[in-house]
Number of protein chains: 2
Amino acid sequence: MAITIAALKEAADEHRVSLVPSVVKRLVKQGCQVLVEKDAGAAANFADQQYVDAGAKVVDRQQAIDQANLVTVVNRPDDETVAKLKSGQALLGLLSLSVDHDVAKQLANRQVTTLSFELLPRTVSRAQSMDALSSQSSVAGYKAALVAADHFMRYFPMMITAAGTAKPAKVLVLGTGVAGLQAIGTAKRLGAIVSGYDVRPASRGEVESLGAKFLTSSVSAAGKGGYARQLTKEEQQKQQDELAGFIADSDIVITTARVPGKKPPMLVTEKSVQAAKPGSIFIDIAASELGGNVAGSKPGAVVETDNGAEIVGADNLPSELATSASEMYSKNVQAVIKALLDKEGNIAIDTNDDVMSELVATYQGQVISGRLRAQMGLP
Amino acid sequence: MAITIAALKEAADEHRVSLVPSVVKRLVKQGCQVLVEKDAGAAANFADQQYVDAGAKVVDRQQAIDQANLVTVVNRPDDETVAKLKSGQALLGLLSLSVDHDVAKQLANRQVTTLSFELLPRTVSRAQSMDALSSQSSVAGYKAALVAADHFMRYFPMMITAAGTAKPAKVLVLGTGVAGLQAIGTAKRLGAIVSGYDVRPASRGEVESLGAKFLTSSVSAAGKGGYARQLTKEEQQKQQDELAGFIADSDIVITTARVPGKKPPMLVTEKSVQAAKPGSIFIDIAASELGGNVAGSKPGAVVETDNGAEIVGADNLPSELATSASEMYSKNVQAVIKALLDKEGNIAIDTNDDVMSELVATYQGQVISGRLRAQMGLP
C-alpha cells in the first residue's frame, strides 16, 4: 500500500512551503499519494494548479490531516493541529522540539512519529541531502548580504567614475558556518572588502578560499558536531574585547552564531553598537525571542540606534527568499522520505540506523532522540 | 572677495545633500565661505559636526538664503524658498526647469542666475566631472539591481548544494545608458544571467564587455546627444512586439528609459505584465507622475499584480543610497563651482563657453539656455 503524504500551509508569517511541485511530481512517480493544503505554496509563488499538474490533490487542512500517513511542514504547526495528529501518523519538519519539551511529550504520548530536522546528525555524510538546517542557513547567508547591501546607504563595490572614486564597503561576518560562508561569498560578489571571523581556527581555509580575510580569537572554541562550544564568562569577555576592534573597523557586521534551541552568544556588545559610525548596519541572523548576537536586536524588526546605526533582526531570512528556500527544503524532505520507505513503499523506521536514530524524535510512544532526552532530563 | 556658498536641506522624502563634508573642506581651502543648513546631511549620514569640522558654518535656512552668493541643492527647492532668492544670487541643482517653465520665468524675472544639471551638455568631455545626471543614474542602476534581488524570492546566482542545484535568475535590462549598464554590471556580479536591450545598436559593445547578452530591435532609434529619439506609433508597436518575447523569457526586468522632462516610453505593456510568471519582478526607474516604462507602475510604490508579479516604481533610487549618491553629486557641484569662479574667487559666467552656455538656464533677467528657450516657445 502506497503512503499518503500531506503538505500543510504554514502560518501567515512564513512564506515557505515544505513540498514544491517538482518534488511532488517525483514522489507521485515513486507511488506516493500527495495531498497539498489549499494555497500552501501561494506565498512562495507555487500555485495550486501547479501542484495539481504535478499529480497532487489540493485539499482543505482537515482532509490533509485526516488522510496523511506523513504530514510535512516547515515550522511546527499550531497546537490545534498537533492535537489532531493520530497514533501511527508521522510528522516531519523544523519542529523546534528542543525549545518546547511539552510538545515533544504530547507527540510521544499520542504515538505520533516525529522527525525533526534540527536533530539530524550533521557529521554523517549520507545525511547531507537531508540537511535542512544547512540548506536554509545557506539561503539565510545569501539573503543577509543582500539585506545589508539594501540597507547600506553606500556602494558595496569600489566605484571609479568621472565624479571621483568611491571606497568599497567593509563587511565583517561573524561565524563562518554555512550561513556565514554564504554571506561572505555574496558580499564578495558585490565587491565589498570582506572579513570572516570565527573562534574555530579550522575555518580559515574556507574563508580564505572565498577571497575574504580570516580573523579569529586567541580563545579557541572548537566543539563537537561542527558547532562552537559554549564559552566561559572570562573567555567571552576576552573574545568580545578582541572582536570590538574588528567591529569598529567595519561598515557592516553580519552575525550568524545560532545554536539551535539555545540562547545565542552575544558577539556585538552595546558598547560596540554605540561606537559604530552613523550608517553602520548590523544584520543579526541569530535574532530570536531568546536574544541574538547583537545587543538590542529585535527579531523581525529594524532598530535604529541613537548614533545612526541600524540593527536588522533577521530572524527568518529563508522566508524572504521563499521560492528558492522551499525548493531546497523540499529536496531535503524528499531525501528523508526516500530513507523512510521500505521496498513496499511503507514507512519503516530503523531505530538502529545512524541517521534515523537521531532524526526521529518520538516513536512508539517514546522520546527516542538521545539529544532530546538529555535536554528533557530523561534517562 | 570670497564667495559664500550655502547648501540647503532637502525636502523630507529626499535623503541626499548637495554638499558633503569632504567637498566642503576643499571649498573652504579654496577660499570659499560655506554655510550648511542645520541637519542638511543628516539623512545621508553626515552630521552637522562633520560640516563644522570641515570648516562650514551650520545655520538656519533663512540665514543660508540671506547670505549666500550661490545656493546649492539636489532638487528644486519649494516655491517659498525660490521666492526668497534675490537678484545677483545663483542657484545650482537638478532644477527640473523643463517640466516647470513658470519657475524658470520667475527666476529670470528675479535676476537669479540659475544653473540646472539637466541642461549640461553631455557630449563635451570637459563637462564629465560636472555630470550629475550620469553620477546619479549610475547610483540608480546599482540600486535597481539590488532592489530586484531583494524583492525576488529566488537566488540570483546558480547554487550547487547537497540539496540540489538552483538555476540562476534571468535578468533583462531595458535601456543601456549609464543606469542600465550599472544595473547589468551589478546583476552580473550577483551571478544572474543578464541581457541588455537597447534600440541603439551602438550599445552592443558596452553590454557585451560586461559579460551580458545584447538584445536589440529591428527598429533603430539612435538620436542626438546620446539619447534615443522619440519613436512613431508604428515603430513603437513593432518594438513592443519584439520586446514582449524577451520579457516573457525573463524573471526580472529593469527598465531605465528616462527622457528628462518628457513622458517616458512605454516598454513593458499591460499584456506583458499580465503574461509574467508569478514571482516576476519589474523595476521601473522611469516611474514618474508623467508615467513610466512599465504599464501600471506607480512612483514610490510597489504594485502587486493579479498574476503574482511585482512592479516597483523606483522613482528616486539615488535617495536610497544617499551617502554615496551625495558624495558623487557633491563632486559634480564642486566641479561646477570650480568652473564658475574667476581668479579672484568671484562668480564669473562666460556665456560663450560651450558648457556654461547650456548649463546656465537664467542669467541677467533672461532665460538663456537654448534648449529651455525652445521648450518654452521663446525665440
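Refer to the structure printed above.
In this text the structure is predicted, and so the values were computed from the model without any measurement.

Caption draft 1: Highlighting the interface of chain B and chain A. Counting residues at the interface gives 44 residues for chain B and 44 residues for chain A. Across the chain B/chain A interface, buried area totals approximately 3,600 Å², and carbon plus sulfur atoms make up 57% of it. The largest per-residue losses of area from chain B upon contact with chain A belong to M153, Y155 and R189 of chain B, which jointly make up 21% of the total buried on that side. Taken together, the connections running from chain B to chain A amount to two salt bridges. Close ionic contact of D150 of chain B with K143 of chain A constitutes a salt bridge, the shortest N to O distance being 3.1 Å. Where chain B meets chain A, there are twelve residue pairs in polar contact (both at pLDDT 80 or more). At the level of elements, α6 (132-151), β7 (159-161), β8 (164-166), α7 (178-189) and α11 (322-340) of chain B are the ones that each hand at least two residues to the side of chain B that touches chain A.

Caption draft 2: Quick look at the pattern of salt bridges. All names here are of chain A. Under the criterion given, the structure shown has 32 salt bridges over all chains. As a salt-bridge pair, K38 and D48 come within 4.0 Å of each other at their nearest N and O atoms. Of this pair, K38 sits in the loop between β2 (33-37) and α2 (48-53) while D48 sits in helix α2, and the two are ten residues apart along the sequence. Among the charged side chains, a salt-bridge network with shared partners connects K38, D39 and D48.

Caption draft 3: Structural context of the sheet that holds strand β16 (residues 360-363) of chain A. Residues and elements named next belong to chain A. Strand order in this open sheet of eight strands is β3-β2-β1-β4-β5-β6-β16-β17, and the pairing throughout is mixed. The open sheet has two edge strands, β3 (57-59) and β17 (366-367), and neither has a second partner. Sheet topology note: the strand β5 (residues 90-94)/strand β6 (residues 113-116) ladder contains four bridges and is parallel. Note that in β6 the partner of A90 across the bridge is T113.

Caption draft 4: Local environment of helix α1 (residues 21-29) of chain B. Residues and elements named next belong to chain B. Of the residues making up α1, those classed as buried are P21, V23, V24 and L27. Take α1 and look down its axis: the buried residues cluster within an arc of 155°, on one side only. Looking at α1, the residues exposed on the side facing more than 90 degrees away from the buried face are K25 and K29. Lining the buried residues of α1 we find β1 (4-7), β2 (33-37), α2 (48-53) and α11. Downstream of α1 by one or two residues, G31 has phi in the positive range, about 100°.

Caption draft 5: Structural detail: α7 of chain B. Spanning twelve residues, α7 of chain B covers 17 Å between terminal C-alpha atoms, matching the ideal 16 Å at 1.5 Å per step. The buried fraction of α7 of chain B is high, at nine of twelve residues. For α7 of chain B, every residue scored as buried is listed here: A179, G180, L181, Q182, A183, I184, G185, T186 and A187 of chain B. Buried residues in α7 of chain B make contact with β7 (159-161) of chain A together with α6, β9 (170-174), β10 (193-197), α8 (204-209) and β12 (252-255) of chain B. Remark: G191 of chain B follows α7 of chain B within two positions and exhibits a positive phi of approximately 95°.

Caption draft 6: Quick peek at the relation of the copies chain B and chain A. With an RMSD of 0.1 Å, the operation that places chain B on chain A is a rotation of 180° combined with a shift of 0.0 Å along the axis. Expressed as an axis order, the relation between the two copies is that of a two-fold axis. Minimal C-alpha separation from the rotation axis in chain B is found for R189 of chain B, amounting to 2.7 Å. Both copies present the same face, since 100% of the interface residues in chain B are matched by interface residues at the equivalent positions in chain A.

Caption draft 7: The side chain of Q89 of chain A, seen in detail. Residues and elements named next belong to chain A. Inspection of the secondary structure assignment puts Q89 in the loop between α4 (79-84) and β5. Polar side-chain contacts of Q89 include one of 2.7 Å to the backbone oxygen of I65. In this structure the side chain of Q89 is engaged in a polar contact, spanning 2.7 Å, whose partner is the backbone oxygen of A68. Aside from chain neighbours lying at most four places away, what touches Q89 is I65, D66, A68, N69, K84, Q111, V112 and T113.

About the criteria used
- Residues numbered from 1 in each chain as written.
- Chains lettered and ligands numbered in written order.
- Predicted model: local features only at pLDDT ≥ 70, side-chain atom pairs only at ≥ 80, totals over all residues.
- Heavy atoms only, no water.
- Contact = heavy atoms within 4.5 Å.
- Buried area = accessible area lost by both parts, 1.4 Å probe.
- Salt bridge = Lys/Arg side-chain N within 4 Å of Asp/Glu carboxyl O.
- Polar contact = N/O pair within 3.5 Å; in protein donor to acceptor, adjacent residues only side chain to side chain.
- Helix = DSSP H or I, 4+ residues; strand = E, 2+ residues; numbered from the N terminus.
- Pairing = 2+ DSSP bridges.
- Buried < 20%, exposed > 50% of the residue type's maximum accessible area, 1.4 Å probe, protein only.
- Arc of directions from axis to C-beta.
- Expected span 1.5 Å × (residues − 1).
- Least-squares fit on C-alpha atoms with pLDDT ≥ 70 in both.

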